[in-house]
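What the coordinates show
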Amino acid sequence: MDWGTLQAVLGGVNKHSTSIGKIWLTVLFIFRIMILVVAAERVWGDEQHDFVCNTLQPGCKNVCYDHFFPISHIRLWALQLIFVSTPALLVAMHVAYTRHEKKRRFRNGEKIDIEELKNEKVHIRGPLWWTYTSSIFFRIVFEAVFMYVFYYMYDGYQMPRLVKCNASPCPNTVDCFVSRPTEKTTFTIFMLAVSGICMMLNLAELCYLLIKLCMKESRKTT
Amino acid sequence: MNWAGLYTVLSGVNRHSTAIGRIWLSVIFIFRIMVLVVAAESVWGDEKSAFTCNTQQPGCNSVCYDHFFPISHIRLWALQLILVTTPALLVAMHVAYQQHQEKKLLVLTGHGDPKHMEEVKKHKMRISGSLWWTYVCSVVFRLLFEAVFMYIFYMLYPGYQMVRLVKCEAYPCPNTVDCFISRPTEKTIFTVFMLVTSSICIILNMAELVYLVVRACARRGQHSSNPSSGKSSFYGHKLSSEYKQNEINQLLTEQDSSLKDMLRRNPGMQEKGDRCSAC
C-alpha cells in the first residue's frame, strides 16, 4: 500500500468531482505527492546521519537531533497528504451507497439499466452536496492545521545551518550543523506554496458550490 | 507478496462486508498500512545504526539494543496488521463455497450458461445463515488479535513512550552505560498515532458486531411475526419467474442432500420459516 494505491483509490472519486476538484486532485498528485517521492525524500534522506555536532560525547548528537527535529518534515508532509486526501473517500462512499440503493430498487422491480447506472455521473445535489461540501471543509481544516503545526514546530519555515544545543549528555553548549539547509528551505517553501494553492482551490470550490446552490434556489422561487 | 498484494486480496472481500466493515477496511489500509509504509518505516530505519552507547566496549551496543528492543515496533505492527486482516479471508472462502454451490444448482436446473455463471460471481451475498456465523467469528478474531497485540506492546514497551536515554549493564558492558535512542520523539508520535488508529479499529469492530447481532434479532422478530414473508434469495427471484415452485421441489427430491440444505437456507423458497441464525 503506497502512494500509487492511494492514487488508484482517489482516481475513482475524480469522476464525481467538480472541475475545480479535478484540478485540485491533479495538483495534489503531481506537485505534492510526486515531488515528495522523487525529490524531497532524497533531500531529507541523510538528515540524521549527516547531522554533525562539535563533540565526541556519545549520545549528544542523537539527543540534539531529537530536540531540534521532533518530527521530520517528510513525515509531516506524508501525514498531511494522507489526511487531506481522505475526505474525498466520504464522497466515494456516499456515491457507492446511492448506487447500491438504485440497484436495490431495480431488484424490486423498477426498470433501471445496470450498465448505465455504473457509468452515469452522479450529480452533486441533495445529501451528496452536503457530503461533498463537508469533505472540502475538512480538507481546508486539515491543510490549515498542518500548516500551523509546521510553523509552530519549525519557527518560520526556514532551515538554519547551525543550531546550538546543551541537552544532557552534551557537556556544554555544543554547535550542531544541519545537512543541506538551503535545499531543505527551498523544498519547504515550495511545499508551502503548493499547500497554499490547494487551499485556495478548495475555497474556490466551496464558493462555487454555494453560488450554484443559491442560483438553483432562486430559480426555483421565480 | 507485499502490502499491495494483500490489498488486492482483501478488496474482493469488501463487496460482501457490511458498511462498517468497509469503513474498517479503509481505515486499516489508509491510516495504518499506508502510514506504516510511507512514514513509520523510515523513522525506524536507522534504529540500530543510530543507537549509540557511551562506551568503546565492542558488543555492548548490540547487547544493549537487543535487551531494550526484543522486537522492533515496525515488525510488531506488520504482524499485527497481517493477523488482523486475515480473518476476512474466512468470509471470502465461505462466499466462494456458497457461490460454487449456487453454480452447481444452476447447472442442475438447466441454467448452466455463461451469463448465469457470471451473475453468480457478481451478486452480493446476504450475510445470513452460516455466513453470518463465519462473519461474526471473523470480527471476533479481529478484535482478539487487536487486543492481544496492544497488550504485547504494553508489556514490551510500558507506557508507549520512547525514552531518549536507557541505562544498560548487560555483559559485556563494563558497568552501567548510557545508551541513546535515535529519534525518540518522532517514534513516540507514531506509536501514539498507531495506538489511536488501533483503538478506532477496535471500536469499529465492536460496532459491527453489535450491528450484526441486532440485525439478526430483528430478522428473527420479523420471521416469528410473519413466517411466510421475507425476501427470497437472488435465485428464488430469478428461478420462480421461469419455473413453478413444484418443479423445483421435484428436482430437489432427486438431488443429493447437500443441495437441499443449501436451498433450505434461502428463505421464501420453502414452506417452513427459517430458523434464527443467531438468537
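Conventions we followed
- Residues numbered from 1 in each chain as written.
- Chains lettered and ligands numbered in written order.
- Predicted model: local features only at pLDDT ≥ 70, side-chain atom pairs only at ≥ 80, totals over all residues.
- Heavy atoms only, no water.
- Helix = DSSP H or I, 4+ residues; strand = E, 2+ residues; numbered from the N terminus.
- Buried < 20%, exposed > 50% of the residue type's maximum accessible area, 1.4 Å probe, protein only.
- UniProt positions renumbered as here; feature names shortened; annotations may be inferred.
- Pairing = 2+ DSSP bridges.
- Contact = heavy atoms within 4.5 Å.
- Axes fitted to C-alpha atoms, helices over the stretch in contact; angles between N-to-C directions.
- Disulfide = S-S within 2.5 Å.
- Buried area = accessible area lost by both parts, 1.4 Å probe.
- Salt bridge = Lys/Arg side-chain N within 4 Å of Asp/Glu carboxyl O.
- Polar contact = N/O pair within 3.5 Å; in protein donor to acceptor, adjacent residues only side chain to side chain.
- pLDDT = per-residue confidence, 0-100.

When you go through chain A residue by residue, the secondary structure sums to eight helices and three strands. Tracing chain A from N to C terminus, the helices and strands come up as α-α-β-α-α-α-α-α-β-β-α. Principal axes of the C-alpha set define a box for chain A whose edges measure 80 × 40 × 25 Å. Put simply, chain A has 222 residues, and 45% of those count as buried.

The next subject is the UniProt feature "transmembrane region" (unreviewed entry) in chain A. Taking the UniProt record as the reference, the feature "transmembrane region" (unreviewed entry) is found at residues 23-40, 77-97, 128-154 and 187-211 of chain A. Split by type, residues 23-40 of chain A is 100% helix and 0% strand. Its first and last C-alpha atoms lie 23 Å apart.

Residues and elements named next belong to chain A. Overall, antiparallel pairing links the three strands, which are arranged β1-β3-β2 in an open sheet. The open sheet terminates on both sides in strands that have one partner only, identified here as β1 (52-53) and β2 (162-165). Sitting on the sheet, helix α3 (residues 60-68) touches β1, β2 and β3 (174-177), and the angle it makes with β2 is about 110 degrees.

All names here are of chain A. Taken as a whole and judged by the stated rule, the model has six disulfides over all chains. One disulfide bridge connects Cys 53 with Cys 176, the sulfur atoms lying 2.0 Å from each other. With the S-S dihedral at roughly 110 degrees, the linkage between Cys 53 and Cys 176 falls on the right-handed side. Of the two residues, Cys 53 is situated in strand β1 and Cys 176 in strand β3; the sequence distance between them amounts to 123 residues. Disulfide pairing places Cys 64 opposite Cys 165 at an S-S distance of 1.9 Å. Handedness of the Cys 64-Cys 165 disulfide follows from its S-S torsion of about -85 degrees: it is left-handed. Of this pair, Cys 64 sits in helix α3 while Cys 165 sits in strand β2, placing them 101 residues apart in sequence.

Attention now moves to the environment of Glu 102 of chain B. Mapped onto the secondary structure, Glu 102 of chain B falls in helix α5 (residues 88-108). Separated by 89 residues in sequence, Glu 102 of chain B and Val 13 of chain B place their C-alpha atoms 18 Å apart.

The next subject is the interface of chain A and chain B. Every contact between the two is made by 31 residues of chain A and, on the other side, 33 residues of chain B. Together chain A and chain B conceal approximately 2,800 Å² of surface at their shared face, both sides included; 66% is due to carbon and sulfur atoms. Taken together, the connections running from chain A to chain B amount to three salt bridges. Linking chain A with chain B are 13 residue pairs in polar contact (both at pLDDT 80 or more). For the side of chain A that touches chain B, the secondary structure elements donating two or more residues are α1 (3-14), α3, α4 (73-85) and α5 (87-107) of chain A.

Per-residue confidence for chain A averages 87 on the pLDDT scale, and 93% of its residues sit at or above 70. At the low end of the mean pLDDT range in chain A sits helix α6 (residues 114-119) of chain A, at 61; at the high end sits α4 of chain A, at 93.

A separate point is the UniProt feature "domain: Connexin cysteine-rich" (unreviewed entry) in chain B. Here the UniProt feature "domain: Connexin cysteine-rich" (unreviewed entry) sits at residues 145-212 of chain B. With 60% helix and 12% strand, the stretch residues 145-212 of chain B has end C-alpha atoms that lie 20 Å from each other.

Let's shift gears to the sheet that holds strand β1 (residues 52-53) of chain B. Two strands in a sheet stick together by hydrogen bonds in their backbones, pointing the same way (parallel) or opposite ways (antiparallel). Residue and element names in this part refer to chain B. Ordered in space as β1-β3-β2, the three strands form an open sheet in which the pairing is antiparallel. Both outer strands of the open sheet, β1 and β2 (165-168), are each paired with one neighbouring strand and no more. Of the strands in this sheet, β1, β2 and β3 (177-180) touch helix α3 (residues 60-68), which is tilted by about 110 degrees from β2.

Feature annotation in UniProt places "domain: Connexin N-terminal" (unreviewed entry) on residues 42-75 of chain B, given in this structure's numbering. Across residues 42-75 of chain B, the secondary structure splits into 41% helix and 6% strand, with the terminal C-alpha atoms separated by 13 Å.

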